[in-house]
Amino acid sequence: MSLKQIVAIALVDSLQHPTRLLAARRNRPAALAGLWEFPGGKVESGEDPVEAVRREIREELGIEITLGDEIYGPLEQGWALNERAAMRVWFATIASGTPRPLDGHDQLRWLELGAEPWQAVPWIPADEPIVQACVADAKAPVGP
Ligand SMILES: Nc1nc2c([nH]c(=O)n2[C@H]2C[C@H](O)[C@@H](COP(=O)(O)OP(=O)(O)OP(=O)(O)O)O2)c(=O)[nH]1
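What counts, and at which threshold
- Residues numbered from 1 in each chain as written.
- Predicted model: local features only at pLDDT ≥ 70, side-chain atom pairs only at ≥ 80, totals over all residues.
- Heavy atoms only, no water.
- UniProt positions renumbered as here; feature names shortened; annotations may be inferred.
- Near = heavy atom within 4 Å.
- Polar contact = N/O pair within 3.5 Å; in protein donor to acceptor, adjacent residues only side chain to side chain.
- Areas by Shrake-Rupley, 256 points an atom, 1.4 Å probe, with all protein chains shown as cover.
- 1 Å grid on protein atoms, 1.4 Å probe; cavity = no way out; pocket = protein on both sides within 12 Å on 5 of 7 lines; lining within 4 Å.
- Sits in = over half its atoms within 2 Å of the grid points.
- Helix = DSSP H or I, 4+ residues; strand = E, 2+ residues; numbered from the N terminus.
- Nonpolar A, V, L, I, M, F, W, Y, C, P; charged D, E, K, R; others polar.
- Pairing = 2+ DSSP bridges.

- Per an unreviewed UniProt entry, the protein carries the name 8-oxo-dGTP diphosphatase and comes from Glutamicibacter creatinolyticus.
- Regarding the protein, the UniProt comment filed under Cofactor (unreviewed entry) reads as follows: "Mg(2+)".
- Reading the Sequence similarities (unreviewed entry) entry of the UniProt record for the protein gives the comment "Belongs to the Nudix hydrolase family."

Structure (structure tokens):
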């Protein structure tokens, strides 16, 4: 694997008819604090990417998730974030629990998918095309 693999979710209210997307505001490191992102994190060595995203979401938001379709990026490893990392992103819904900013974030916000969510908050710049792809993919039915 050439780039560090990050995995994250586009948490939506419904896989079949998504109308809202959860954005999370980072509280660290200083260079990214205050910017909004898809909750997730790094895949550990030897870890399955889907298991990694479930673990990260448990740690960060305190919820269990149902995964839907992947939002495919241009790379096998998903979407380029910078020269060192790429991110795979899946649609997901809440299976149990209520999302709370437990670790890594200081605020969560549901954004309307129909209201240009890439402009609603200051996203990490690398995420903007992913948010746009999320909106485009959400117009077709997603999920199992
Ligand atoms: N989780 C996440 N990370 C993103 C996004 N966009 C983006 O450029 N990144 C970058 C920020 C970080 O450099 C890297 C992810 O690292 P992380 O700090 O979230 O991962 P982690 O929770 O496993 O790490 P740690 O803080 O526990 O050390 O990817 C995004 O939408 N979500």
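## Topic: the site of the ligand
Right, so step 1: Residues in contact with the ligand amount to 15 residues; listed here are only the nearest, R26, E37, F38, K42 and D127.
Right, so step 2: Within the side chain of E37, a nitrogen or oxygen atom sits 3.1 Å from a nitrogen atom of the ligand.
Right, so step 3: Computed on the free molecule, the ligand has an accessible area of 630 Å², of which 76% lies beneath the protein chains in the complex.
Right, so step 4: According to the grid-proximity analysis, the pocket containing the ligand is the largest pocket.
Right, so step 5: Looking at the shell around the ligand, the elements that each hand over two or more residues are strand 4 (40-42) and helix 1 (49-61).
Right, so step 6: With 3 residues, the single largest contributor to the shell around the ligand is strand 4.
Right, so step 7: Class assignment for the residues of the shell around the ligand results in 6 nonpolar, 2 polar and 7 charged.

## Things to note about the pairing of strand 7 (residues 85-96)
Right, so step 1: Examined bridge by bridge, strand 1 (residues 4-11) and strand 7 share 8 bridges and lie parallel to one another. By the bridge assignment, A10 is partnered in strand 7 with F91.
Right, so step 2: The pairing of strand 6 (residues 79-80) with strand 7 spans 2 bridges and is antiparallel. Residue pairing across strands places W79 opposite M87, the latter belonging to strand 7.
Right, so step 3: Connecting strand 6 to the next strand, strand 7, in antiparallel fashion are 4 residues.

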